[in-house]
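As a plain string of letters, each chain reads:
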Amino acid sequence: TLFVVFLLASRIYNRRVGLLAAGLLAVTVLHIQLSHFFAVDTLQAMFAVVALFFMYRVARRGGVGDSVLAGLFIGLGLATKASQLPILLAFGVAQLMYLFNLAGSEDPSGDFQTRLRTVIGGSAVGLAVAFLAFFITQPYALLDWGRYKADLTEQSEMVRRIRDYPFTRQYADTTPYWYFIKQNAVWGLGLPLGILAWGGGLFVAVRGMSWRHALGYLALGLALPG
């Protein structure tokens, strides 16, 4: 995970930013803790970051090969933990960024029709590889779909407080949004990376927008989950 974070940040920005990102991640409390516990989340994080690396390549230059590799690690991540499912949206966004040349394509010579064919082919093959990787490494999700669905439903209802468990009562009456941000920044990432991650995330989310559009965008982001 550290190595791929370095590669990704170096490609997007420069080598100094890559070293800074990897260095901050190396002392992240949550990563160290879960690595000691050998928890499933460390594998999921790795598969997610590697998948994002190949999605970045898809966004910049298209190509079926990078879509296949992105799909492979998406499938492996989903087999590790089902909460990685939203990463499929990022895969779709990467294809659209290449299609409309929104990421400064490294191959601007192709016309729209050529890029469209590449996107359709890459998306189809990438998703097929993701499904195959998921099935091979987590076969009982499909062979015993009823049990798998019941387990996911149980976890979902626990998170939404539909089911009551003693170990989730500590989260009752906590401040929505702020509680998670504070816990993540202070105890999960550590304050240096916590401040950079949340502040940087906010910055890139509204960069280039007028303040009216930025406020509307943030309000929508708060209202939709609610």
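The paragraphs below set out a description of the structure included in this document.

How each quantity is defined
Residues numbered from 1 in each chain as written. Predicted model: local features only at pLDDT ≥ 70, side-chain atom pairs only at ≥ 80, totals over all residues. Heavy atoms only, no water. Helix = DSSP H or I, 4+ residues; strand = E, 2+ residues; numbered from the N terminus. Buried < 20%, exposed > 50% of the residue type's maximum accessible area, 1.4 Å probe, protein only. Axes fitted to C-alpha atoms, helices over the stretch in contact; angles between N-to-C directions. Parallel < 35°, antiparallel > 145°, perpendicular 65-115°, else oblique. Left-handed = near helix turned anticlockwise from the far one by under 90°. Contact = heavy atoms within 4.5 Å.

Quick notes on the overall build of the protein chain
What the protein chain contains, in helices and strands, is 12 helices and zero strands. Helices and strands appear in the protein chain in the N-to-C order α-α-α-α-α-α-α-α-α-α-α-α. The C-alpha extent of the protein chain, read off along each of the three principal axes, is 60 × 50 × 35 Å. Out of the 226 residues belonging to the protein chain, those deemed buried represent 30%.

What to know about unusual backbone geometry
Peptide bonds are mostly trans, and most non-glycine residues show a negative phi. Positive phi outside glycine occurs at Asn101, with the angle close to 55 degrees. Inspection of the secondary structure puts Asn101 in the loop between α6 (87–99) and α7 (112–137). Non-glycine residue Asp173 carries a positive phi angle of around 65 degrees. Among the structural elements, Asp173 can be located in the loop between α9 (145–159) and α10 (178–189).

Brief notes about the packing of helix α11 (residues 191–206) against helix α12 (residues 211–223)
Look at α11 against α12: their axes get within 10 Å of each other, and the N-to-C directions meet at 120 degrees. Considering the angle they form, α11 stands oblique to α12. Here α11 runs over α12; the crossing is right-handed. Across from Leu202, Ala205 and Val206 in α11, the residues of α12 making contact are Ala214, Tyr217 and Leu218.

Remember that the coordinates give geometry; whether it matters functionally is a separate question.
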